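Coordinate inspection notes
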Amino acid sequence: MQSETKARIRCFVAIDTPQSLKEQVSELINNMRSSEGGRKVKWVRPDGVHSTLKFLGDIPAERLPELNTALSEALHGWNEPNTFELSLGGLGSFGKPDAPRVIWLGIGGNRLLLSRLQQVVEKTLNPLGFPPEDRNYSPHLTLGRVPELNREELAAISRLLARYKDLPEVRFGSFSVSEAVLMESDRQPTGAVYTPIAHYSF
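Everything in this summary refers to the structure shown in the same document. (Residues numbered from 1 in each chain as written. Predicted model: local features only at pLDDT ≥ 70, side-chain atom pairs only at ≥ 80, totals over all residues. Heavy atoms only, no water.)

Right, let's talk about the sheet that holds strand β4 (residues 84-96) for a bit. As summarised here, the arrangement of the five strands in space is β2-β6-β5-β4-β7, forming an open sheet in which the pairing is antiparallel. Only two strands of the sheet have a single partner each, and these edge strands are β2 (42-43) and β7 (171-177). Sheet strands touched by helix α3 (residues 111-125): β4 and β5 (99-109). Its angle to β4, the strand with the most contacts, is close to 75°. Sitting on the sheet, helix α4 (residues 151-164) touches β2, β4 and β5, and the angle it makes with β5 is about 20°. (Pairing = 2+ DSSP bridges. Helix = DSSP H or I, 4+ residues; strand = E, 2+ residues; numbered from the N terminus. Contact = heavy atoms within 4.5 Å. Axes fitted to C-alpha atoms, helices over the stretch in contact; angles between N-to-C directions.)

Given below as structure tokens:
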């Protein structure tokens, strides 16, 4: 685990994606950004695309060893296969169809094991003061966020999503998952930069 050099750390637990898939996602984002409706979206940095299991928020850096120990013990002893397969594909959004707020890439494959993993993380961190989310877990990779826009601009983004929804460009291959990662999120003017703090192999 990296040493703590800040008073507070904004962090989360996630499944990272292989570099090859990040490169494909980068190409998709670049294509959508240059299309009608795409210029107003706040796209994520492709090198940081991931699937969040648990967002922890800004926590005192002094708590990192405690969190690291709990997650390490829980995930190294996870009573499931050492690896499982996931896939990426399908474009969707959160929010109303005519007013999307978050654009995402779907996650397929062994979603059952992914959900079980997410539940282990929730149960591990709950006693440490991180209560479970109120909403159901919905695995996805966030591609972009939509700021406050007028109706015409939102309509253009909705048309963009409709055009790309079922194209081959949004169907990616599968990848093996063998670890979870505790990530730091450093918010920058150009978008959040994610840095691994600790890795937890299954």
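On to the nonpolar core. Counting 57 residues, the largest nonpolar core has Phe-84, Leu-91, Ile-103, Leu-105, Leu-125, Leu-143 and Leu-182 as its most contacted members. Excluding its chain neighbours within four sequence positions, the residues that come into contact with Leu-125 are Val-13, Lys-54, Leu-56, Leu-67, Leu-71 and Phe-130. (Core = buried A, V, L, I, M, F, W, Y, C linked by side-chain atoms within 4.5 Å. Buried < 20%, exposed > 50% of the residue type's maximum accessible area, 1.4 Å probe, protein only.)

Here four strands make up an open sheet; going across it, the order is β3-β1-β8-β9 and the pairing antiparallel. Of all strands in the sheet, those with a lone pairing partner are β3 (50-60) and β9 (193-201), marking the two edges. Between one strand axis and the next, the sheet turns by 25° as a mean value, whatever way the strands run. Both strand β1 (residues 8-16) and β3 contribute to a ladder of nine bridges, which runs antiparallel. When the sheet's bridge partners are listed, Asp-16 is paired in β3 with His-50. The sheet strands contacting helix α2 (residues 64-76) are β1, β3, β8 (179-186) and β9, and the helix crosses β9 at an angle near 45°.

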